[in-house]
Structure formats: structure tokens, C-alpha cells
Amino acid sequence: MRVTVSRKAHFNAAHRLYRKDWSMEKNQEVFGKCNNPNFHGHNYELIVSVTGEVDKETGYVIDTKVLSDYIKEHIEEAFDHKNLNEDVPEFSDLNPTAEHIAYIIWNKLRILIDADKELEIILYETPRNFVTYKGN
């Protein structure tokens with residue numbers, strides 16, 4: 001029996017979308033107000049889903065307390081109330097778009113989740129704008 005277990009989380013973070021190798025004009029053309037040199041912020045909503053076989057002994061795909069702890073320690077503590085461009089090393093050379101943030105979250109959690117389980121990240125940047133990442 002394959003089941004998907006999901007956990008919701010939340011973090012607030014600031015960022016600026018821009019490329020260092022582009023002119024201010026090109027950054028403004030491509031990223032618009034998201035290119036604000038003073039940054040802007042979002043109240044991100046995160047859904048982490050793990051899919052796999054239900055363990056016959058425990059009845060779990062993954063213990064939700066363990067999943068919650070992984071998210072808190074590796075995502076919320078790393079991103080919450082941070083400037084993603086300046087405070088999070090993974091974005092020193094990676095534009096912190098929602099797509100890239102979801103990718104980084106997936107990679108941070110993938111190494112903690114058993115390899116026989118599937119991992120999916122859904123990241124809401126706004127209530128109407130979200131991305132989904134399931135790995136390569």
C-alpha cells in the first residue's frame with residue numbers, strides 16, 4: 001500500500017530577483033518590482049510530501065514528528081526571517097526565485113528521507129503563485 005504523507009510549514013523571508021551579470025535596466029525589464037534593490041518579502045507556505053509503502057509494523061510511511069523536525073531544523077531555521085540573497089549560502093550564486101527555493105528545499109530534505117520514498121515540495125510564494133518540485 002503506497003500512501004503520501006504531507007506536512008505544512010511556513011516561513012517569512014526577503015529576497016531580490018536579479019542577476020549580477022546583467023545591467024540594472026535588463027534586471028528591471030525581466031524582474032520588474034521584484035528587482036527592488038532594497039528587497040521585498042513573502043509569507044511562504046510550504047507543503048512537504050513523502051510517498052512510499054506503509055511499514056507493516058508501524059503503519060507509517062514516515063513518522064510525521066520526524067518529518068516536522070526535519071522541516072523545522074533544516075528549512076524553517078535556515079530561511080525564516082532571513083534575507084535569502086544575503087543570509088542563505090545556497091543563494092550566494094543562485095537567484096532566489098520560487099523555483100530555486102523549492103529546489104534547494106528538496107535537496108536539503110532529500111538526503112534525510114529514505115531513498116525508497118518519493119519527495120515532493122510545493123512552495124506558495126503568494127496564495128495564488130506556487131511551484132511544485134519532485135526532483136530531477
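The helix and strand inventory of the protein stands at four helices and five strands. Of the regular secondary structure in the protein, the N- to C-terminal order runs β-α-β-α-β-α-α-β-β. Seen along its three principal axes, the alpha-carbon backbone of the protein occupies a region of about 60 × 25 × 25 Å. Split into buried and exposed, the 136 residues of the protein put 41% on the buried side.

For the structure shown, the criterion picks out seven salt bridges. Where Asp116 meets Lys117, a salt bridge forms, and the shortest distance between an N and an O atom there is 3.5 Å. Here Lys134 makes a salt bridge to Glu120, at a shortest N to O gap of 3.6 Å. Of the two residues, Lys134 is situated in the segment after strand 5 (130–133) and Glu120 in strand 4 (residues 118–124); the sequence distance between them amounts to 14 residues. Residue Lys134 is classed as exposed on the basis of its relative accessible area, which comes to 59%.

Turning our attention to the sheet that holds strand 5. As summarised here, the arrangement of the five strands in space is 3-1-2-4-5, forming an open sheet in which the pairing is mixed. Each edge of the sheet is formed by a strand with only one pairing partner; in this case those strands are strand 3 (82–83) and strand 5. Here 14 bridges tie strand 1 (residues 2–15) to strand 2 (residues 40–53), and the two strands are oriented antiparallel to one another. When the bridges of strand 2 are listed, Phe11 appears paired with Tyr44. In the packing of helix 4 (residues 98–110) onto the sheet, the strands contacted are strand 1, strand 2, strand 4 and strand 5, and the crossing angle to strand 4 comes to about 145 degrees.

Quick look at the packing of helix 2 (residues 64–79) against helix 4 now. At a minimum axis separation of 10 Å, helix 2 and helix 4 run at an interaxial angle of 140 degrees. Compared by their axis directions, helix 2 and helix 4 come out oblique. Both helix 2 and helix 4 take part in a crossing whose hand is right-handed. Each of Tyr70, Ile71, His74, Ile75, Ala78 and Phe79 in helix 2 lies in contact with helix 4, whose residues at this interface are Ile101, Ile104, Ile105, Lys108 and Leu109. Residues of the contact of helix 2 with helix 4, tallied by class, amount to nine nonpolar, one polar and one charged.

Reading guide: rules and limits
Residue indices begin from 1 for each chain and proceed along its sequence in written order. With the structure being a predicted model, the display of local features is reserved for residues of pLDDT at least 70 and the display and counting of side-chain atom pairs for 80 or more, all residues being used for whole-chain, interface and lining totals. To get the side-chain values, all heavy atoms of the structure are used, and hydrogens and water are removed first. To qualify as a helix, a DSSP run of H or I must reach at least 4 residues; to qualify as a strand, a run of E must reach at least 2; elements of each kind are numbered from the N terminus. Each residue is placed in one exposure class: buried if its accessible area under a 1.4 Å probe, protein chains only, is under 20% of its type's maximum, exposed if it is over 50%, and partly exposed if it falls in between. Put simply, a salt bridge is a Lys or Arg side-chain nitrogen that is within 4 Å of an Asp or Glu carboxyl oxygen. Strands qualify as paired when DSSP identifies two bridges or more between them. A contact between two residues is defined here by any heavy atoms of the two lying within 4.5 Å. Each axis is a line fitted through C-alpha atoms, and for a helix only the stretch in contact is used; angles between axes span 0 to 180 degrees, taken between their N-to-C directions. Here is the rule for angles: anything less than 35 degrees is roughly parallel, anything more than 145 is roughly antiparallel, 65 through 115 is roughly perpendicular, and the remaining ranges are oblique. Note: crossing handedness is left-handed where the near helix turns anticlockwise from the far helix by less than a right angle, and right-handed where it turns clockwise. Under the grouping applied here, Gly and all other residues not named as nonpolar or charged are polar, the nonpolar ones being Ala, Val, Leu, Ile, Met, Phe, Trp, Tyr, Cys and Pro and the charged ones Asp, Glu, Lys and Arg.

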